[in-house]
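If you want the building blocks of each chain, they are given just below.
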Amino acid sequence: MSLDTVALVQFDPTVGPADDGTLERLCDRIRETAAEADPDLIVFPELATTGYSIFDRIDACAEPIPGPTTRAVGEAAAGTDVHVLFGMAVRDEAGVRNSAVWIDRSGAVRARYDKRNCWGEERSAFVPGDDGLVLQCEGRTLGVQICYDLNFPEQSVAFAREEVDAIINISAWSIPMAGDWNRLLPARAIENGAYVLGCNRAGVEGALEFYGRSTAYEPDGSIAGRLDSDPGVLVHRLSNETLEAERKRNPMRRDRRDDRPTIERFVLDAGER
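So, here's what we can say about the structure. Since the structure is predicted, the reported quantities are computational estimates derived from the model, not experimental observations.

### Looking at the overall build of the chain
Looking only at helices and strands, the chain has eight helices and 14 strands in total. A globule of 273 residues ought to have a C-alpha radius of gyration of about 19 Å, and the chain, at 19 Å, matches this closely. With respect to the three principal axes, the spread of C-alpha positions in the chain is 70 × 45 × 35 Å. Looking at the chain as a whole, 52% of its 273 residues are labelled buried. For the chain, restricting intrachain contacts to residue pairs at least 6 apart in sequence, the fraction spanning at least 24 positions comes to 67%. In the structure as shown, the chain presents an accessible area of about 12600 Å², 48% of it carried by carbon and sulfur atoms. Each charge class in the chain can be summarised by its mean position, and for the 31 positive and 47 negative side chains these summaries are 4 Å apart.

Right under this line is the structure:
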């Protein structure tokens, strides 16, 4: 078995605890997407079970693992024989995390990534994670990140050292930051010689309007598929031939130096010529 086909679900959750109907809709979407596209992996955005603007009700929205959300998603994953990656607020011994959770084809929670780089108001609600996440799954090496992590090239460098086949970014990216979404995702693809799959939110929460435009980028940074701003599903197939061709065209993996450069700093006085 090989992990080749990925479905990005551009989802529009309601704001509040997952049992307000959002979790049921998410599980229905897993079953519908599995029936229509037969993917190996289904991906949902950041904080897909609760909505993004939960900072004033974080205690009511966060759940432990295992918990009601992971059990429900696990049942849907097992019933359709797919892997599922989705965002949720996780409560653990350190506090509340903004997490990406991987549930495998059997319905078991296999991995979790806690967002390292918290944006704005997130810093008052979530405890940041320390470690990155790279998964080996069915012949693929996959790097997982959440939204604002995209802005920090050191994480891309870490993925490059792990020689990932794809980076999956789950996001709640808003319209004012649209240009960054369009520029950073393909840059990360080129830096890694890997697919980059950006799964973003749809919809509006008060004054916050999400950009959508979930996009699959080829390893050379070109767009393979893109949604508009409405809820929808983007299906993309990962190709070994495409990966090999890009790594031959641009041999960064062969040429990359793993040592850190020493920076020489010079201060030039204004009067020097």
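### Details of helix H6 (residues 178–192)
Here H6 is 15 residues long and its end C-alpha atoms lie 22 Å apart, about the 21 Å a rise of 1.5 Å per residue gives. For H6, the set of buried residues is Ala178, Trp181, Leu184, Leu185, Pro186, Arg188, Ala189 and Asn192. Of the surrounding elements, those touching the buried residues of H6 are helix H5 (153–161), strand S8 (166–170), strand S9 (195–199), strand S12 (215–217) and helix H8 (252–255).

### Some points on the packing of aromatic side chains
Applying the stated criterion across every chain yields a total of seven aromatic pairs. Ring plane angle 90° and centroid distance 5.3 Å describe the contact between tyrosine 52 and phenylalanine 55, whose orientation is recorded as edge-to-face. Pair check on accessibility: tyrosine 52 and phenylalanine 55 agree, each one buried. With a centroid separation of 6.4 Å and an interplanar angle of 80°, the aromatic rings of tyrosine 52 and phenylalanine 210 are classed as edge-to-face. Residue tyrosine 52 is located in the loop between strand S2 (41–43) and helix H2 (58–61), and its partner phenylalanine 210 is located in the loop between strand S11 (208–209) and S12; the two are separated by 158 residues in the primary sequence. A residue is classified by how much of its surface remains accessible, and phenylalanine 210, at 2% relative accessible area, is buried. The ring of phenylalanine 210 carries arginine 201 above its face, with NZ or CZ at 4.1 Å from the centroid.

### What to know about the pattern of salt bridges
Tallied over the entire structure, the rule returns 23 salt bridges. Between arginine 140 and aspartate 4 there is a salt bridge, with the nearest N and O atoms lying 2.9 Å from each other. Placement of arginine 140 in strand S7 (residues 140–146) and of aspartate 4 in the segment before strand S1 (5–10) is noted, with a sequence separation of 136 residues between them. Classification of arginine 140 by relative accessible area gives buried; the value is 3%.

### Examining the side chain of glutamate 63
Among the secondary structure elements, glutamate 63 is positioned in the loop between H2 and helix H3 (68–80). An unpaired buried charge is present at glutamate 63: no salt bridge exists, and arginine 71, the closest side chain of opposite charge, is 6.8 Å distant. Only 2.7 Å separates the side chain of glutamate 63 from the side chain of threonine 69, close enough to count as a polar contact. With sequence-adjacent residues up to four places away left out, glutamate 63 is seen in contact with Ala18, Pro68, Thr69, Met88, Ala89, Val90 and Arg91.

### Examining the layout of surface pockets
When its volume is computed, the largest pocket comes out at roughly 250 Å³. In terms of lining residues, the largest pocket is bounded by 15 residues, among which Tyr52, Trp119, Ala172, Ser174 and Met177 are the most central. When its residues are assigned to classes, the lining of the largest pocket shows 10 nonpolar, two polar and three charged.

### Examining the sheet that holds S7
Strands sit in the order S6-S7-S8-S9-S12-S13 across an open sheet of six strands; the sheet is mixed. Edge strands, defined here as strands with exactly one partner in the open sheet, are strand S6 (133–137) and strand S13 (223–226). Within this sheet the neighbouring strands show an average axis-to-axis angle of 20°, counted without direction. Pairing between S8 and S9: five bridges, direction parallel. Considered in S9, the bridge of isoleucine 168 is made with leucine 197. Relative to the sheet, H5 contacts S6, S7 and S8, its axis offset from that of S7 by approximately 170°.

About the thresholds
For every chain, the first residue of the written sequence is number 1, and numbering continues from 1 along that sequence. Local features in this predicted model are restricted to residues of pLDDT 70 or higher, and side-chain atom pairs are both shown and tallied only at a pLDDT of 80 or more, whereas totals for entire chains, interfaces and linings draw on every residue. The basis for every side-chain value is the complete set of heavy atoms in the structure, and neither hydrogens nor water enter the calculation. Runs of H or I in DSSP of at least four residues are treated as helices and runs of E of at least two as strands, each being numbered from the N terminus. Atoms considered for the radius of gyration are the C-alpha atoms alone. The globule rule reads 2.2 Å times the number of residues to the power 0.38. Using a 1.4 Å probe on the protein chains alone, a residue whose accessible area is under 20% of its type maximum counts as buried, one over 50% counts as exposed, and one in between counts as partly exposed. Every residue pair with non-hydrogen atoms within 4.5 Å of one another is taken to be in contact. Computed with a 1.4 Å probe, the accessible areas rest on the Shrake-Rupley method; for each residue, only the protein chains presented here act as cover. The sign given to each residue is positive for Lys and Arg and negative for Asp and Glu; His and the chain ends receive no count. Taken as the charge centre is NZ of Lys, CZ of Arg, CG of Asp or CD of Glu, depending on the residue. For a helix, the expected span equals 1.5 Å multiplied by the number of residues minus one. Within 6.5 Å between ring centres, the rings of Phe, Tyr and Trp (the latter by its six-membered ring) count as paired, and their orientation is classed by plane angle as stacked under 30 degrees, edge-to-face over 60, tilted in between. Should the NZ of a Lys or the CZ of an Arg lie within 6 Å of a ring centre and within 35 degrees of the ring normal, that charge is described as sitting over the ring. When a carboxyl oxygen of Asp or Glu is within 4 Å of a side-chain nitrogen of Lys or Arg, the pair counts as a salt bridge. Definition of a polar contact: a pair of N or O atoms within 3.5 Å, with one able to donate and the other able to accept a hydrogen when the atoms are protein atoms, and with sequence-neighbouring residues admitted only if both atoms are side-chain atoms. Of the two site types, the cavity is a set of points on a 1 Å grid over the protein atoms alone where a 1.4 Å probe fits but cannot get out, and the pocket is an open set with protein on both sides within 12 Å along at least five of seven lines, each lined by residues with an atom within 4 Å of a point. Grid points are joined across faces, edges and corners, and a volume is the space filled by probe spheres set on the points. Gly counts as polar in this scheme, as do all residues outside two lists: the nonpolar Ala, Val, Leu, Ile, Met, Phe, Trp, Tyr, Cys and Pro, and the charged Asp, Glu, Lys and Arg. We treat two strands as partners when DSSP finds at least two bridges between them. Between N-to-C directions, angles cover 0 to 180 degrees, with each direction set by a line fitted to C-alpha atoms, over the stretch in contact for helices.

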